[in-house]
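# Chain and residue survey
Chain by chain, the residues run as shown.
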Amino acid sequence: MYPNVKAEMARNGITLEMLAKPLDITPSTLSKKLNGHFPLTFNEAKIIKKCLKAEQPLEQLFEEAS
């Protein structure tokens, strides 16, 4: 659902487990959020952006796949 997030994870070698930890959620829950099954909060998006050290704006990083 968020291909740019998944691409940044791959580029930086970051796993769901690594990204879920600072969010204080399970990797399974994070996967469901990134695939659109559960809502992703603005605060979670900011934490993900920071963990990925992504330079693009949140709007671009979390642009949904069409």
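Calculation notes
- Residues numbered from 1 in each chain as written.
- Predicted model: local features only at pLDDT ≥ 70, side-chain atom pairs only at ≥ 80, totals over all residues.
- Heavy atoms only, no water.
- Phe/Tyr/Trp six-rings, centres within 6.5 Å; stacked < 30°, edge-to-face > 60°.
- Helix = DSSP H or I, 4+ residues; strand = E, 2+ residues; numbered from the N terminus.
- Buried < 20%, exposed > 50% of the residue type's maximum accessible area, 1.4 Å probe, protein only.
- Contact = heavy atoms within 4.5 Å.
- Core = buried A, V, L, I, M, F, W, Y, C linked by side-chain atoms within 4.5 Å.

Once that is clear, we can look at the packing of aromatic side chains. Taken as a whole, this structure holds one aromatic pair when the rule is applied. When the ring of tyrosine 2 is compared with that of phenylalanine 62, the centres are 5.4 Å apart and the planes differ by 75°; the resulting orientation is edge-to-face. With tyrosine 2 in the segment before helix H1 (3–12) and phenylalanine 62 in the segment after helix H5 (58–61), this residue pair connects regions lying 60 residues apart in the sequence. The pair tyrosine 2 / phenylalanine 62 is uniform in exposure class, with both members buried.

Secondary-structure assignment places asparagine 35 in the loop between helix H3 (27–34) and helix H4 (42–52). Under the relative-accessibility criterion, asparagine 35 is labelled partly exposed at 33%. Separated by 34 residues in sequence, asparagine 35 and methionine 1 have C-alpha atoms that sit 4.9 Å apart. Leave out the neighbours within four places in its chain, and asparagine 35 touches Met1 and Lys6.

In terms of nonpolar packing, the biggest core is built from 16 residues, with Val5, Leu30, Leu34, Ile48, Leu52 and Phe62 touching the most fellow members. Counting only elements with at least two residues in this core, the list comes to H1, helix H2 (16–23), H3, H4 and H5. The residues touching leucine 52, leaving out its near neighbours within four places in the chain, are Val5, Glu8, Met9, Asn12 and Ile14.

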